[in-house]
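# Coordinate analysis (summary)
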There are 2 protein chains.
Amino acid sequence: MHHPIAEIFSQGEEVITGQVVDSNAAWLSEKLVQMGFVISRHTAVGDKLQDLAELLQEISSRADLCICTGGLGPTIDDLTAEAVALAFGRPLLLDVEALASIERYFSRRKRTMAASNRKQAYLPEGSIRLDNAWGTAPGFALQNGRCWFVFVPGVPSEMKQMFTEQVKTKLEKQFVLQADRLITIKTLGVGESELQQQLNTFNLPEGVRLSFRAAVSEVQVKLLFPADMPETTQENCVNQCLDSIGDAVFAVDELNQSDTQLMDVIGQLMQAEKYTLSVVETLTQGLISAKCLGQEWLLASSYKPMQVINKQDDIAQRAVAIAHKTRQKYRTDLTLVQIYQTAPNQFHDKDQGIVLYNVLITPDQIVQKTITVMGSIEQKQNRAAIKALDFLRRTLQKKCL
Amino acid sequence: MHHPIAEIFSQGEEVITGQVVDSNAAWLSEKLVQMGFVISRHTAVGDKLQDLAELLQEISSRADLCICTGGLGPTIDDLTAEAVALAFGRPLLLDVEALASIERYFSRRKRTMAASNRKQAYLPEGSIRLDNAWGTAPGFALQNGRCWFVFVPGVPSEMKQMFTEQVKTKLEKQFVLQADRLITIKTLGVGESELQQQLNTFNLPEGVRLSFRAAVSEVQVKLLFPADMPETTQENCVNQCLDSIGDAVFAVDELNQSDTQLMDVIGQLMQAEKYTLSVVETLTQGLISAKCLGQEWLLASSYKPMQVINKQDDIAQRAVAIAHKTRQKYRTDLTLVQIYQTAPNQFHDKDQGIVLYNVLITPDQIVQKTITVMGSIEQKQNRAAIKALDFLRRTLQKKCL
């Protein structure tokens, strides 16, 4: 099986001067590898026209595909289209559709279009326009030499949308691809090295690649199966992993089919029971509630700074009392309360842990869980919110078993 | 003033397949720019010996400095030293000191040294060894063609330690450096192209570089002044920019001296007045409050889903009434209320704007502002929270003038 060679090319002073970490390159590479490309090189250059044009020429002779991000904005230092014109001798022509789309973008927002935005509607001769529903800069694609070039904006949200909705299908038509099968097991509440130890106890079938990836709020276990491995062998292997990890798993995603988030899982569980929820937050200061964005079963949340509690007080009793009162007030099926017993000055010390007391009242039971969070104040806030929501997820899942 | 040209080169399959985001390149670039280098390119390649050697040859003819990360480990896919030997015709020689240091690393940890670790003690002929106090892989440096090459491990903690403790001093000796002065003007509430139009109306002094950067929640205007420009010229230029942008500016940061966030500015203004705040959120669902993390003047926040309002109702009156009631309940100096009059199903449509009605009560006045947010539901939430907080910032700043 032949794997076409792909390169990633990023344009932007902010990338090469280090003001921004180029996460686009990693994101695109992962998608392309999953589709069956081999990635040979990432390159980033700034806003020097000659550098850009030379690099484009080099790539056109050594790669089958190049995805380029950045440099499509309205400002004078956005030079990508100009560099393409120079490198490949393709004059920039006004694309009437692109101009209309940029004009619509501004009129919909009731803003005046700056003259500089007009520049974004000029595309290299012979290129295909890629519409950008999320911003002003259209992308474009063209063949030069051996290489098919795709140009998309550098704003990650716009780039990802355009890749997923337009570029991917075009690549599948343009290239003969055979992808390996990637299964991602998403977990919460166990560390990367713990997971590694758990999974080292059994032998993987020949040819399977196991890897781990620690994201901000979850640890992923990735299993890459060769395209020609029997499906039952693959499934046995996945099930073996799931058994050994246990209830820390909140989702199993197959390549391209889904990217399940913790809130998706909780949303389904809540809707299945037609439950409603109220939340009382302290350390998280609104973040538990903010993460439930768009979930109509969240009927109320409130934050007040934690009063320092006398050490003799029973914090468990107090949390349960708050939960009962809140549940009565808002008449919700569930109430989640998270409080703590630490002086607030410990928030700022990354080496000081904060012990959080979680209570969840459901129609059937009162569940309690103590957790500890460490790190910077922002990390503490985020971890406390995720752990509270994962506590909700585990309780709901136990009920459903 | 001549600025030497630097490149960053990263080796590793995990980088080019996207399993790891290459944060080393950004970190090193920022340090080098601050020292007075100009960065021309970042490149990442995998573990193919021929690719590596070719790239090293290319770089040796076009850059004055190249910092290379990764590929120094003990495994068979760590090929950097071999690639250097091949590219520059410098055989690998056993460095006795390096071997002793690797042996010490293992004996100190009471672990047996694997045979493969011996490989790490072989360095290209004529190179300087860079000791690694944090891991097994020593680094090395050598001149080839016009370029001085520095090779350090890819593990970020080891790389950073070695750069800070050994490489930086060597660079200061090796090169004549003079750093430019970077001023960053941070704004909220104006678009990138609008800002550009505003700033195009006056001529910048010769040699000043103006650039723009749109981050998630702010737009930055960057002014790069040559090191030899008189300070008064620089200051006049900054002041001219500030005047023309107006109250959208929330901070002016100097390179290395600070990185001011909107919440820092609001925190200072609130503390100066000894003000306290309560917040009522709807669309933002706790995010305004969550962004005030660690700010002790926030005494309460609450979220409840918005009741659909009869179009005949006066939403302004309603917001003011909620604000008065909340201020009384929590006895805060300020109360911020943000409500809307749109059906919740419009949240999910990125092209549908949500009109938000903001009211801020202070001891002296009631201020009102209507804003519109668009985009995905997450973007709407984030923009609504930032705009509400920026409304608070502008009101506090007007008071202080």
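Below or above, wherever it landed, is the structure these notes cover. (Residues numbered from 1 in each chain as written. Chains lettered and ligands numbered in written order. Predicted model: local features only at pLDDT ≥ 70, side-chain atom pairs only at ≥ 80, totals over all residues. Heavy atoms only, no water.)

## Things to note about the packing of aromatic side chains
As a reminder, the rule being used: The rule is short: rings of Phe, Tyr and Trp, with Trp giving its six-membered ring, pair when the centres are within 6.5 Å, and they are stacked under 30 degrees, edge-to-face over 60, tilted in between. Exposure classes here rest on a 1.4 Å probe applied to the protein chains alone. A residue is buried below 20% of its type maximum, exposed above 50%, and partly exposed in between. Here a strand is any run of E in DSSP of at least two residues, a helix any run of H or I of at least four, and the numbering for each starts at the N terminus.
What the rule picks out here adds up to 14 aromatic pairs over all chains. The interplanar angle of 75 degrees and the centroid separation of 5.5 Å between the aromatic rings of Tyr105(A) and Phe106(A) together place this pair among those described as edge-to-face. Phe106(A) matches Tyr105(A) in its accessibility class, with the two residues each being buried. A ring pair is formed by Phe140(B) and Phe151(B), whose centres lie 4.7 Å apart and whose planes are at 25 degrees; its orientation type is stacked. In this pair, Phe140(B) sits in strand S7 (residues 139-144) while Phe151(B) sits in strand S8 (residues 147-152), placing the two residues 11 residues apart along the sequence.

## Quick word on unusual backbone geometry
For Lys274(A), which is not a glycine, the phi torsion comes out positive at approximately 55 degrees. Residue position: Lys274(A) is located in the loop between helix H9 (262-273) and strand S13 (277-281). Residue Arg331(B) is not a glycine yet carries a positive backbone phi of 50 degrees. Take Arg331(B): it is sitting in the loop between helix H11 (315-330) and strand S15 (334-340). Here Arg331(B) falls in the exposed class, since its relative accessible area comes to 72%.

## Comments concerning the sheet that holds strand S12 (residues 249-254) of chain A
All names here are of chain A. As a reminder, the rule being used: Two strands qualify as a pair provided DSSP detects at least 2 bridges between them. Working convention: axes come from line fits to C-alpha atoms, limited for helices to the stretch in contact. Angles between N-to-C directions cover 0 to 180 degrees.
Strand order in the open sheet formed by four strands is S10-S11-S9-S12, and the pairing between neighbours is antiparallel. Lying at the two open borders of the sheet, with one neighbouring strand each, are strand S10 (209-214) and S12. Taking each pair of neighbouring strands and ignoring which way they run, the sheet shows an average axis angle of 20 degrees. Sheet analysis places strand S9 (residues 181-187) next to S12, joined by five bridges and oriented antiparallel. Across the sheet, the residue bridging to Ile185 is Val252, located in S12.

## Let's talk about the interface of chain A and chain B
Going by this rule: Here, residues are in contact when the closest pair of their heavy atoms is within 4.5 Å. Defined in terms of a 1.4 Å probe, buried area is the accessible area two parts forfeit on being brought together, summed over both. One speaks of a salt bridge when a side-chain nitrogen belonging to Lys or Arg is within 4 Å of a carboxyl oxygen belonging to Asp or Glu. As used in this structure description, the phrase polar contact means that two N or O atoms lie within 3.5 Å; if the pair is within protein, one of them must be able to donate a hydrogen and the other to accept it, and residues adjacent in sequence are counted only when both atoms belong to side chains. Three residue categories are used. Nonpolar comprises Ala, Val, Leu, Ile, Met, Phe, Trp, Tyr, Cys and Pro, charged comprises Asp, Glu, Lys and Arg, and polar comprises the others, including Gly.
Counting residues at the interface gives 69 residues for chain A, matched by 65 residues for chain B. Its largest share of buried area at the contact with chain B, chain A owes to Arg41(A), Gln285(A) and Leu293(A), together 13% of the area lost on that side. Counting across the interface, chain A meets chain B through five salt bridges. Connecting chain A to chain B are 21 residue pairs in polar contact (both at pLDDT 80 or more). Counting residues per element, the side of chain A that touches chain B draws most heavily on strand S2 (residues 38-45) of chain A, which supplies seven residues. Of the residues that constitute the side of chain A that touches chain B, the class distribution is 28 nonpolar, 23 polar and 18 charged. Relative to strand S14 (residues 298-303) of chain B, strand S14 (residues 298-303) of chain A is paired through three bridges, and the arrangement is antiparallel. The partner of Ser302(A) across the bridge, within S14(B), is Ser302(B).

## Structural notes on the pairing of strand S17 (residues 366-373) of chain A
Residues and elements named next belong to chain A. The pairing of strand S16 (residues 354-361) with S17 spans eight bridges and is antiparallel. Bridge assignment links Leu360 to a residue of S17, and that residue is Val367. Hairpin connection, S16 to S17: the antiparallel pair is bridged by four residues.

## Focus on the sheet that holds strand S11 (residues 219-225) of chain B
Residue and element names in this part refer to chain B. Strand order across the open sheet formed by four strands is S10-S11-S9-S12, with antiparallel pairing between neighbours. Edge positions in the sheet fall to strand S10 (209-214) and strand S12 (249-254), since each of these pairs with one other strand and no more. Strand-to-strand, the axes of this sheet are offset by a mean angle of 20 degrees, without reference to chain direction. Relative to S11, strand S9 (residues 181-187) runs antiparallel, the two being bridged by seven bridges. Note that in S11 the partner of Ile185 across the bridge is Val221. Strands in contact with helix H7 (residues 192-199) are S9, S10 and S11; relative to S10, the strand with the most contacts, it is inclined by about 160 degrees.

## Points about the pairing of strand S1 (residues 5-11) of chain A
All names here are of chain A. With respect to burial, S1 is a largely interior element, six of its seven residues being buried. Where S1 and strand S3 (residues 65-69) come together, five bridges link them in parallel fashion. If you follow Phe9 over to S3, its bridge partner there is Cys68.

## Regarding the side chain of Gln220(B)
Residues and elements named next belong to chain B. For Gln220, the location among the structural elements is in strand S11. On the accessibility criterion, Gln220 (7% relative accessible area) is buried. There is a polar contact of 2.7 Å between the side chain of Gln220 and the side chain of Glu218. Aside from chain neighbours lying at most four places away, what touches Gln220 is Thr184, Ile185, Lys186, Ser211, Phe212 and Arg213.

Bear in mind that shape data such as this cannot, by itself, settle questions of function.
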